[in-house]
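# Fold and contact review
Chain by chain, the residues run as shown.
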Amino acid sequence: ILGSCAIAGLARRRGVAAPILLVLAGLAASYIPGVPVFRLQPDVILFVVLPPLVYTTALESSYLNLRDNLRTLTLLSVGLVLFTAAVVGGVAWLAVPGLSLAAAFTLGAILGPTDAVTTASIGRQLHLPRRLLTVINGESMLNDGTALTVYAVAVSAAATTVATPSPLEDVRSLLVIGAGGVAVGLVLGVVLHRIRMRLRDPLVESALSLLTPFTAYLAADSLHVSGILAVVVTGLYLGHHAGQAHFATRLQDGAVWRVVTFVLESVAFALIGLQLRPVLQDLGRSDPGRLAAEAAIVLGAVVLARIAWVFPSIYLPRWLVPRIRQADPPPVWPATLVLSWAGLRGVISLAAAAALPADVPMRSLLVFLTFTTVLGTLLVQGLTLPRLIRRLGVRAGPGEERADA
């Protein structure tokens, strides 16, 4: 924790994207003699790290802005996740000898969700238009629920030889899990807001706020519905009604959550870098050339699948439906290109890979391909994204509210 926060602080002073520097430092540290082997514990990520990070993003998001971009967010957080799982699964099944179709689609589901931490920090530094950053953050909040639901179905198919449910049952399960998570989050948001309005004690309210994301996640998880969507909806509801809270509570909550987010993000990205040694150890004596080729193919499929989906999903509805085009004119193509290149993967994909049951065929290879894809998107896309934004001139206009306002 100390090392992660020190490196993140150095990155802030130098104006560098902290997640990239943390991953590189973790990679280097994993091979220092005497450094213990850190194995990513999925429960730590799914129950401790992910809920507060998603919650703070939801708190800071505008419900009204998300509502205005609902069509785009739905196409990205649901359609793109399913498309990515299908494309990456098909490519991996063809490229990796002996990989079952169910295991290949499990890999596609693992690599479906994006991580907006790096993109958001770059976007704020370079003053991206607020709407573009709203879409990027909203997508990363909502697509976790879709990806983890598809992941659960794919894992059950890959790990067992029992007949798997029909596609219709899978779709029904996806809808029930998603709707259940939204319902739990909405109920909890209403209840907690009324409690906070009666407390009127900044210290007690901040303590309750710290417990909120874990309460929402565990309540939904105990009902076997989407914990991530429950956290998102709770955060959006409380953030939308935050103006009714006492000013001292708002100031204190903001300070507390900034510190919590800083520490959790720093540790999470350092852990990504520290995974290199254990991942390679699990592969044993596999052919390095073949592994590199398979990793490059999967990384390419993830990047190209996003580009192939983003452009049609942005422009086709406007071309086909004049009413949509009149109410919401299409964005300029440079902004769409930035959105298509902003598909960085992060700690949620690694946590899902680490949580794979031992009886999933070729589990070690799936974890390795996940790690290399996460690392590849962070380094390749993360390092080139600022240059792309500057080269294309994608900035908030003079009359437009800036993303960091």
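Please refer to the structure higher up on the page.
Here we summarise the structure given alongside this text. (Residues numbered from 1 in each chain as written. Predicted model: local features only at pLDDT ≥ 70, side-chain atom pairs only at ≥ 80, totals over all residues. Heavy atoms only, no water.)

### A few points about the environment of I272
Rules: Comment: elements are numbered from the N terminus, with helices defined as DSSP H or I runs of at least four residues and strands as E runs of at least two. Under the scheme applied here, a residue whose accessible area is under 20% of the maximum for its type counts as buried, over 50% as exposed, and between as partly exposed, the area being computed with a 1.4 Å probe on protein chains only. By the convention used here, residues are in contact when the closest approach between their heavy atoms is within 4.5 Å.
Turning to its location among the elements, I272 is positioned in helix α12 (residues 247-274). Overall, I272 belongs to the buried group, its relative accessible area being 1%. Note: C-alpha distance between I272 and D287 (15 residues apart in sequence) is 23 Å. Apart from the residues within four sequence positions on either side, I272 is in contact with V23, G346, V347, L350, F371, V374 and L378.

### A few points about helix α7 (residues 117-125)
What α7 keeps buried is the set T118, T119, A120, S121, I122 and G123. Phi for H127, located one or two positions after α7, is positive at around 60°.

### Some words on the packing of aromatic side chains
Quick note on the threshold: Stacked, edge-to-face and tilted are the three classes for Phe, Tyr and Trp ring pairs, Trp counted by its six-membered ring, which pair at centre distances within 6.5 Å; planes under 30 degrees apart are stacked, over 60 edge-to-face, the rest tilted.
Scanning the model with the defined rule gives five aromatic pairs in all. These aromatic residues form a ring-pair network of at least three members: F311, Y315 and W319.

### Observations regarding a nonpolar patch on the surface
Stated formally: Residues enter patches when they are more than 30% accessible in relative terms and free of salt bridges; like-charged ones are connected within 9 Å and nonpolar ones (Val, Leu, Ile, Met, Phe, Trp, Tyr) within 5 Å. Only the protein chains shown count as cover for residues, with accessible areas throughout obtained via the Shrake-Rupley method and a probe of 1.4 Å. One side-chain nitrogen of Lys or Arg within 4 Å of one carboxyl oxygen of Asp or Glu is enough to make a salt bridge.
On the surface, V187, V191, I195, L199, L203 and V204 cluster together to form a nonpolar patch covering roughly 510 Å² of accessible area. Listing elements by their share of the nonpolar patch, those giving two or more residues are α9 (167-199) and α10 (202-222). With four residues, the single largest contributor to the nonpolar patch is α9. One can find I195 in helix α9. Judged by its relative accessible area of 38%, I195 falls in the partly exposed class.

### Re the pattern of salt bridges
Going through the model one piece at a time under the given rule, you end up with nine salt bridges. Two residues, D328 and R131, come together in a salt bridge whose shortest N-O distance is 2.8 Å. With D328 in the loop between α15 (322-327) and α16 (333-341) and R131 in helix α8 (residues 130-159), the pair connects residues that are 197 residues apart, well separated along the chain. Taking relative accessible area as the criterion, D328 reaches 14% and is therefore assigned buried. One network of salt bridges, in which partners are shared, links R71, R131, R318 and D328.

### Focus on the nonpolar core
Nonpolar side chains tend toward joint burial in soluble globular proteins. As a reminder of what qualifies: Side-chain atoms within 4.5 Å are what join buried Ala, Val, Leu, Ile, Met, Phe, Trp, Tyr and Cys residues into a set we call a nonpolar core.
Within the largest apolar cluster, 96 residues are counted, with the highest numbers of intra-cluster contacts made by I272, L339, F368, L369 and I389. Examining the composition of this core, we find that 11 residues originate from one element, helix α18 (residues 363-392), more than from any other. If we skip the residues at most four places from it in the chain, L369 touches V96, L107, E294, A295 and V298.

Spatial relationships are all this shows, so hold off on functional conclusions.
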